[in-house]
Amino acid sequence: MQGELHKKYGLLTAITMVVGIVIGSGVFFKAEKVLNATGGDLPLGILAWVIGGLIMIICAYSFSLLASKYEKVNGIVDYADEALGNKYGYYVGWFMTIIYYPAITSVLAWVSARYTCVLFGFDIAGGEAMALAGFYLVLSYSINALSPVLAGKFQVTTTVIKLIPLLLMAVIGTVVGLKSGMIMENFTTVVEEVSASRALFTAVVATAFAYEGWIVATSINAELKDSKRNLPKALVLGSLIVVSVYILYYIGLAGGISNEVMMSGGETAAKMAFAKIFSSAGGTVLFVFVVISCLGTLNGLMLGCTRGMYSLAARNRGPASEIFNHVDKTTNMPNNSSVFGLLLCAFWLLYFYGANLTESWFGPVVFDSSELPIVTIYALYIPIFMMIIKKEKEFNPFNRYVMPILSILGCIFMMVAAVFAHGIAVAWYLLIFALVMIWGSFYGKGIK
């Protein structure tokens, strides 16, 4: 049957969704990449976290202004509709549905499996990891599709759990590191000399993955109670919490092991740091919390992924809108959209494995599906921010000009940084992006 999604989430769920989707994987997954990119230069790495965090907060603030005015089905698509018309909104929604949500969600399934494998000593690129990644995808899909209320409670619970290892490492790691002198040593020692500008660009793009996910919270604005008030609060407060926790955790991590060991430790480096600070047994327990936190992040992203085709169909856009517009009368979930979202996640997980974890199955067509889709969404934000300046005349000068301009500059910085960080891979990614957009154009011809 066709129907409308009910108001079932409150402010606490929205804040925990922003925090929960963002925190929980990237800070563990990308901390080592930031350190390697900067050659072990800890202050430069912290600067990268600060820049990435500021860009997120500024963009989240600008979107919170739109959230206070518009409430429909899927936040980012609604804002694109209002800013540049239905055609642009359709293409943004199509990109989010076919590339952004499933690509990022599939990587999160692998990251969850990766840290599970570290916990049990399995190969992070072997059959165990991919079997676990597939299982985690199906598990997250099932929780969201069968019981959205349970998914919301799981989101709140895992957000609390994931903050435990982060905050403990931030506080105790910093205290221990200051007492032992490890933090001072890491702050003053550079493992290898690198180009500061290129290193900073590469590191900031890596933090983009760690910070990404806040925009997914806008996908439930039609299911959020008093969303015009609660969604802006959730975006800004959630973003501030995330940035603070990340920077403090990164400093605390430096109190556990040296930069050189962290850089060479690979996927086990975080576990080594936890074991050094909290003992082997305590470190293992906290690392279990790390795995749970990754699963919480996966759950939040899957929530957005399952609503992708529905958000298009609810506007009578895209293929088979009469099928994807179906909302189950028992679970109040768009089941057909959810199944299609899971299928897309499986495809992108297959690509991620074949392109990044093995000798490439795809020849030269190899790119990082954990970072480049995120940079693309920043590029798509720019026209929306420009239209805030042009159309939102009732906003005060700070909201109408200062914040949108800063948001645009932040997005441009991300785009330039991606070119420096990924080189020719950007061209291959843009080719795939173009093909997906051309595919989408066949279903968007009648949209005005």
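Residues numbered from 1 in each chain as written. Predicted model: local features only at pLDDT ≥ 70, side-chain atom pairs only at ≥ 80, totals over all residues. Heavy atoms only, no water.

Help me understand the overall build of the chain, please; the structure alone is not making it clear to me.
On a plain count of helices and strands, the chain comes out with 19 helices and zero strands. Relative to the compact-globule value of 22 Å for 448 residues, the chain shows a C-alpha radius of gyration of 21 Å, a close match. Scored against the burial criterion, the 448 residues of the chain give a buried share of 61%. Considering only contacts in the chain between residues 6 or more positions apart, those separated by 24 or more positions represent 82%. Accessible surface for the chain amounts to roughly 16,300 Å². Of this, 69% is attributable to carbon and sulfur atoms. Of note, the chain has its 28 positive side-chain charges centred 11 Å away from the centre of its 24 negative side-chain charges. (Helix = DSSP H or I, 4+ residues; strand = E, 2+ residues; numbered from the N terminus. Rg over C-alpha atoms; globule rule 2.2 N^0.38 Å. Buried < 20%, exposed > 50% of the residue type's maximum accessible area, 1.4 Å probe, protein only. Contact = heavy atoms within 4.5 Å. Areas by Shrake-Rupley, 256 points an atom, 1.4 Å probe, with all protein chains shown as cover. Lys, Arg positive; Asp, Glu negative; His and termini not counted. Charge placed at Lys NZ, Arg CZ, Asp CG, Glu CD.)

I tried to follow the state of the cysteines on my own but got confused; where do I start?
What makes a disulfide is a covalent bond joining the sulfur atoms belonging to two cysteines. Considering all chains together, one arrives at zero disulfides under this definition. Lacking any disulfide linkage, C294 is separated from the closest cysteine sulfur, that of C117, by 12 Å. Lacking any disulfide linkage, C411 is separated from the closest cysteine sulfur, that of C59, by 4.1 Å. Here C411 falls in the buried class, since its relative accessible area comes to 0%. (Disulfide = S-S within 2.5 Å.)

Could you clarify how one ought to interpret the side chain of S258 in this entry?
Looking at the secondary structure, you find S258 in the loop between α11 (227-253) and α12 (259-265). S258 gets classed as buried once you look at its relative accessible area, which sits at 18%.

Looking at this structure, I do not really get the side chain of S370. What am I missing?
Structurally, the position occupied by S370 is in the loop between α16 (335-357) and α17 (372-391). A polar contact is formed between the side chain of S370 and the side chain of K30, at a distance of 3.4 Å. Side chain to side chain, S370 and D368 meet in a polar contact 2.5 Å long. Those residues in contact with S370, other than ones at most four positions away along the chain, are K30, I104, V107 and F209. (Polar contact = N/O pair within 3.5 Å; in protein donor to acceptor, adjacent residues only side chain to side chain.)

Please explain a nonpolar patch on the surface as it appears in this structure.
Taken together, the side chains of F398, Y401, V402, I405, L406, L409, I412, M415, V416 and F420 define a hydrophobic patch exposed on the protein surface, amounting to about 820 Å² of accessible area. With respect to the element layout, M415 can be found in helix α18 (residues 397-422). (Patch = residues over 30% accessible without salt bridge, like charges linked within 9 Å, V, L, I, M, F, W, Y side chains within 5 Å. Salt bridge = Lys/Arg side-chain N within 4 Å of Asp/Glu carboxyl O.)

Would you mind showing me how to read the pattern of salt bridges here?
Opposite charge on two side chains lets them pair, provided their charged atoms get close. Counted according to the given criterion, the structure contains five salt bridges. The shortest N-O distance in the salt bridge between R114 and E32 comes to 3.3 Å. Residue R114 is found in helix α6 (residues 86-120), and its partner E32 is found in helix α3 (residues 31-37); the two are separated by 82 residues along the sequence. In this structure, R114 and E32 share a single accessibility class: buried. For the salt bridge of D81 with R315, the shortest nitrogen-to-oxygen distance reads 3.3 Å. Of this pair, D81 sits in helix α5 (residues 75-84) while R315 sits in the loop between α14 (308-313) and α15 (321-324), and the two are 234 residues apart along the sequence. R315 carries the same exposure label as D81, and that label is buried. When salt bridges that share partners are traced, they join K30, K33 and E371 into one network.

Mind showing me how you'd approach the packing of α17 against α18 here?
In a packed pair of helices, the relevant descriptors are the angle between the two axes and the axis-to-axis distance. Running from N to C, α17 and α18 cross one another at 155 degrees; their axes reach a closest spacing of 9 Å. By the angle between their axes, α17 is roughly antiparallel relative to α18. For the pair α17 and α18, the crossing hand works out as left-handed. Residue composition of the contact of α17 with α18, grouped by class: 19 nonpolar, three polar and two charged. (Axes fitted to C-alpha atoms, helices over the stretch in contact; angles between N-to-C directions. Parallel < 35°, antiparallel > 145°, perpendicular 65-115°, else oblique. Left-handed = near helix turned anticlockwise from the far one by under 90°. Nonpolar A, V, L, I, M, F, W, Y, C, P; charged D, E, K, R; others polar.)

It is not clear to me how the nonpolar core should be interpreted in this structure. Could you clarify?
Inside soluble globular proteins, nonpolar side chains tend to come together where they are buried. Counting residues in hydrophobic clusters, the biggest one holds 156 residues, and the most contacted among them are F63, F95, W110, W214, Y378 and Y381. Sort the elements by how many residues they give to this core and α6 lands first, with 22 residues. If we skip the residues at most four places from it in the chain, W214 touches V18, V22, M56, C59, A60, F63, L235, Y378 and Y381. (Core = buried A, V, L, I, M, F, W, Y, C linked by side-chain atoms within 4.5 Å.)

Any chance you could explain the environment of I389 here in plain terms?
Within the secondary structure, I389 is located in helix α17. Through-space distance from the C-alpha of I389 to that of P404 is 6.9 Å; in sequence the pair is 15 residues apart. If we skip the residues at most four places from it in the chain, I389 touches R400, Y401, P404, I405 and I408.

Would you mind showing me how to read α18 here?
Given 3.6 residues per helical turn, the α-helix brings residues three or four places apart onto the same face. Between its first and last C-alpha atoms α18 spans 37 Å; for 26 residues at 1.5 Å apiece the expected length is 38 Å, and the two agree. For α18, the full list of buried residues reads N399, R400, M403, P404, S407, I408, G410, C411, M414, A417, A418 and H422. Its buried side turned inward, α18 meets α3, α4 (42-67), α10 (196-211), α17 and α19 (425-441). Measuring from the side-chain oxygen of the N-cap residue of α18 to the backbone nitrogen of F398 gives 3.1 Å; that N-cap residue is N396. (Expected span 1.5 Å × (residues − 1).)

What should I look at first to understand the packing of α4 against α10 in this one?
Viewed as axis vectors pointing N to C, α4 and α10 meet at an angle of 50 degrees, and their least axial separation amounts to 8 Å. By the angle class used here, α4 and α10 are oblique. Crossing geometry of α4 relative to α10 is assigned as right-handed. Where α4 abuts α10, its residues L44, L47, A48, W49, I51, G52, G53 and M56 lie against A196, A199, L200, A203, V204, T207, A210 and Y211. Here the contact of α4 with α10 is composed, by residue class, of 13 nonpolar, three polar and no charged.

Could you clarify how one ought to interpret the packing of aromatic side chains in this entry?
Given two aromatic rings, one states the distance between the centres and the angle between the planes to describe the pair. Scanning all chains against the criterion turns up 34 aromatic pairs. Judged by centre distance (5.5 Å) and plane angle (75 degrees), the rings of Y378 and Y381 are edge-to-face. One end of the pair, Y378, and the other, Y381, are both in helix α17, three residues apart, so they sit about a helical turn from each other. Pair check on accessibility: Y378 and Y381 agree, each one buried. What links up through ring pairs into an aromatic cluster is the set F95, Y100, Y101, F347, W348, Y351, Y353, W361, F362, F367, Y429 and F433. Note that K30 overlies the ring of F209, its terminal NZ or CZ placed 5.3 Å from the centroid. (Phe/Tyr/Trp six-rings, centres within 6.5 Å; stacked < 30°, edge-to-face > 60°. Lys NZ or Arg CZ within 6 Å of the ring centre and 35° of its normal.)

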